[in-house]
Amino acid sequence: MNALPKTMLLGLCIALAACQSTQPDTPAKSAQLNISEPLLAGLEYAQLLNGDTPWTGADRVQVDDQGLQLLDAAGNSLARHAGRFEGLDHRVDRQGLLLATVERKRQQTMLIGLNAARAWSQPLYLPRTAFAIEGLCLYRDSAHNDFVFLLGEEGVGEQWLVGSQGRLLGEARRVRGLSLPPQSAFCQTDDASGQLYVNEESVGFWRYPADAEAPLQREPVDLRQPFGSLAHAAAGMTLVAGGLLALDPEASVLHLYRQNEAGWQADEVIALDGFDEPERISARRGAEGVELLLADERGLQSARLDWQPTALSQAEPIVSLPAAVETGPVPSLGDAADDPAIWVHPRDPAGSRVLGTDKKGGLVVYDLDGSQVQDLPVGRLNNVDVRSGFRLGSKRVDLAVASNRDHNSLHLFAIDRASGVLRDIGEVATPLSEIYGLCMFQDRQGTTYAIANDKDGTFLQYRLDGSSGQPRGELVRRFKLDSQPEGCVADDRSERLFVGEEDVAVWVVDARAEVPAMPEQVIGVGGPVYDDIEGLAIYHGERGDYLVISSQGNDSYVVLDAQAPYAVRGAFRVGLNAERGIDGASETDGLEVTSADLGGIWNRGMLVVQDGRKRMPEGTQNYKYLPWSAVADALGLD
């Protein structure tokens, strides 16, 4: 066994349901396994079809010396694709079949489809990997994008986007590399819950989030004794609704796990008498239990298991809207991009700009195609906002203000109203010790304010004046929340200020400087908003205004009415765009929205979000653009 540190294994054992109890909560009838004669000697790769198919009598798919085959229950071939392959996974629905395998001669992963007329698609080959492929499995997300996971030697792996909406892509796209356990050769995914299961032969079974935007975090399902119930090794596994079946080939047993709200609970251990190190398994629910295919050193056997786990109800997935445009990367590596602002060109909407903070370096400016047009390396800027019509000496300019964490200051930039070019016009000092978030407010008299906060919850409101030609700030109001804030947005129409207390709630106060700030709760953490509460933005519609919140804890965006009682109108995620090769957005810090008609797909406005995890390919953080029309249509907004 590859030994893990004792402290790590003890910690895993605490989290592992199988370590706490190897019995179900309610005593159940012992599962009985009935085994048939071998179907085919020497056959390793076969899977039962699970779900409705377009072909009457279709029962399973397999890899044999004839190639890839679709078979009926009697073993008759319904379709065949010639070749030499190893490894197998599939997805099936009423439109057809998707198969993943490895073509032996080319040593490349191959995806191929079979339609309702039993016609094979053109194969899609992934580029040859730098490692030998030990295992593979397919995953179909809630937006009907198809991915393949590849497992390699020494703990390496990859995730690739291969299809969308039932069609293979013309070219596969690498989503991300994976750091997996060593000795991993088997994987399975649960499409409904978005989970990836991987074995570690000498240690146990692990569960990872499968979604492309998810973090690479693992949880144990079961481990070797004494930390779990596995006697010797972990090999192939398969899923049915409410149940997980996993093989220990050296002990020649099948482990059954039932799903509960806390995870997986060890249920029973079934002896596989007469098997010679069974490593592969496929299963599907039947009327009288679970039908199985089991492969060992000799070949394939079918079996029936008298076992009926109960499926948990699944929450309705949050709608995923594809990103339309992504910007180039911010200059700095790591966690660098943070908060965007949108400057609307007063005469040429197509010349509008997106300003994005690089919190390790400065301010980056992008056009509506996502191309960088300007970089101002002035220091660690965290949040940025924009207002128009600021008097600077004898001229009127548009103004961007950012929180500068190097100097705990307000950093001001004038925007040329003809060209959109920004220039640094100076800073306003603040007494804050850790300046963090920032937003701007313009009252009905046209006075411009900058409102900055500190990590200790303090908010300072400054009246800005540039009549002398040099910007100055006068502190006019101070208030405080109990814990760390960041995101804030002022609704100039209603003269109200929305502020986010990251782990607690969104609050609203009167934005006017002369009025005491009396926070009123808009929405608290706990669903549909999950901490951290990050970016906030206001969309001004013709019939109503909406508050958009970055719910960082579940990588979503929540929309509510911007007027009391602040009814929740829905939530969405920014997902990948398979056609354009743009990854989705996750772990979002800042966001901004405009209702201005910017032309084209932006005719009802635009939403910009920071992307905390750059995928497809992996790289430096950036920003994603989404047409507001997509949000309005998905959530039924006016």
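Residues numbered from 1 in each chain as written. Predicted model: local features only at pLDDT ≥ 70, side-chain atom pairs only at ≥ 80, totals over all residues. Heavy atoms only, no water.

An unreviewed UniProt entry lists the protein under the name 3-phytase, from Stutzerimonas balearica DSM 6083.

**Q** What's the story with the pattern of salt bridges in this structure? I'm lost.
**A** Working definition: two side chains of opposite charge can pair if their charged atoms are close together. What the rule picks out here adds up to 36 salt bridges. Between Arg380 and Asp406 there is a salt bridge, with the nearest N and O atoms lying 2.7 Å from each other. A residue pair is termed long-range when its members are at least 10 positions apart, and Arg380 in the loop between strand E30 (372-376) and strand E31 (381-392) and Asp406 in the loop between strand E32 (395-404) and strand E33 (409-415) qualify at 26 residues. The partly exposed category is assigned to Asp406, whose relative accessible area is 41%. Asp510 is the partner of Arg512 in a salt bridge, and the nearest nitrogen-oxygen pair spans 2.8 Å. (Salt bridge = Lys/Arg side-chain N within 4 Å of Asp/Glu carboxyl O. Helix = DSSP H or I, 4+ residues; strand = E, 2+ residues; numbered from the N terminus. Buried < 20%, exposed > 50% of the residue type's maximum accessible area, 1.4 Å probe, protein only.)

**Q** I keep staring at the layout of surface pockets and nothing clicks. Help me out?
**A** Regions of empty space are outlined by a rolling probe, equal in size to a water molecule, passed over the atoms. By volume, the largest pocket amounts to about 1,500 Å³. Lining the largest pocket are 50 residues; nearest its centre among them are Ser193, Gly194, Gln195, Asp211 and Arg573. Taken together, the elements giving at least two residues each to the lining of the largest pocket come down to strand E10 (133-140), strand E11 (145-152), strand E15 (195-200), strand E16 (204-209), strand E20 (253-260) and strand E46 (568-575). For the lining of the largest pocket, the class distribution of residues is 20 nonpolar, 17 polar and 13 charged. (1 Å grid on protein atoms, 1.4 Å probe; cavity = no way out; pocket = protein on both sides within 12 Å on 5 of 7 lines; lining within 4 Å. Points joined across faces, edges and corners; volume = space filled by probe spheres on them. Nonpolar A, V, L, I, M, F, W, Y, C, P; charged D, E, K, R; others polar.)

**Q** What should I look at first to understand the environment of Leu368 in this one?
**A** Take Leu368: it is sitting in the loop between strand E29 (362-366) and E30. The exposure class of Leu368 is buried, given its relative accessible area of 9%. Along the sequence, Leu368 and Met606 sit 238 residues apart, while their C-alpha atoms lie 9.8 Å from each other. When near neighbours in sequence (up to four residues on either side) are disregarded, Leu368 contacts Val325, Pro349, Ala350, Ser352, Leu598, Trp602, Met606 and Tyr625. (Contact = heavy atoms within 4.5 Å.)

**Q** So what exactly am I meant to see when it comes to the nonpolar core here?
**A** One recurring pattern in soluble globular proteins is that nonpolar side chains are buried together. If you look at the biggest cluster of nonpolar residues, it comprises 23 residues, and the most contacted ones within it are Phe147, Phe149, Leu161, Leu196 and Leu576. When near neighbours in sequence (up to four residues on either side) are disregarded, Leu196 contacts Cys137, Phe149, Cys187, Gln188, Thr189, Trp206, Arg207, Tyr208 and Ala210. Ala323, Tyr557, Phe572 and Val574 belong to the second-largest nonpolar core, a separate cluster that totals 22 residues. (Core = buried A, V, L, I, M, F, W, Y, C linked by side-chain atoms within 4.5 Å.)

**Q** Quick question: what am I supposed to make of the UniProt feature "domain: BPP" (unreviewed entry) in the protein here?
**A** Under the feature "domain: BPP" (unreviewed entry), the UniProt entry names residues 21-310 and 311-635. In residues 311-635, the share of helix is 2% and the share of strand is 51%. The end C-alpha atoms are 29 Å apart. (UniProt positions renumbered as here; feature names shortened; annotations may be inferred.)

**Q** What am I meant to see in the sheet that holds strand E21 (residues 263-271) here?
**A** Pairing between sheet strands relies on hydrogen bonds along the backbone, with the strands arranged either parallel or antiparallel. As summarised here, the arrangement of the four strands in space is E18-E19-E20-E21, forming an open sheet in which the pairing is antiparallel. Edge strands, defined here as strands with exactly one partner in the open sheet, are strand E18 (237-240) and E21. Across this sheet, the average inter-strand angle for adjacent strands is 20 degrees, counted without regard to direction. Pairing of strand E19 (residues 243-248) with E20, which is carried by six bridges, proceeds in the antiparallel orientation. The residue of E20 that forms the bridge with Leu245 is Leu256. (Pairing = 2+ DSSP bridges. Axes fitted to C-alpha atoms, helices over the stretch in contact; angles between N-to-C directions.)

**Q** When you look at the state of the cysteines in this model, what are you seeing that I'm missing?
**A** What makes a disulfide is a covalent bond joining the sulfur atoms belonging to two cysteines. Throughout the structure, instances matching the rule amount to two disulfides. Cys137 shares a disulfide with Cys187; S-S distance 2.2 Å. Judged by the torsion about the S-S bond (-120 degrees), the Cys137/Cys187 disulfide is left-handed. With a gap of 50 residues between them, Cys137 in strand E10 and Cys187 in strand E14 (residues 187-190) connect regions that are remote in the sequence. Grouping residues by exposure puts Cys137 and Cys187 together as buried. Linked covalently through their sulfurs, Cys439 and Cys488 form a disulfide whose S-S length is 2.3 Å. Negative torsions about the S-S bond denote left-handed disulfides, and the value of about -120 degrees found for Cys439 with Cys488 makes this one left-handed. Of the two residues, Cys439 sits in strand E35 (residues 435-442) while Cys488 sits in strand E39 (residues 485-491), which places them 49 residues apart along the sequence. Residue Cys439 is classed as buried on the basis of its relative accessible area, which comes to 0%. We classify Cys488 as buried; its relative accessible area is 7%. Disulfides within the protein link the bonded cysteines, taken in sequence order, as 1-2, 3-4. (Disulfide = S-S within 2.5 Å.)

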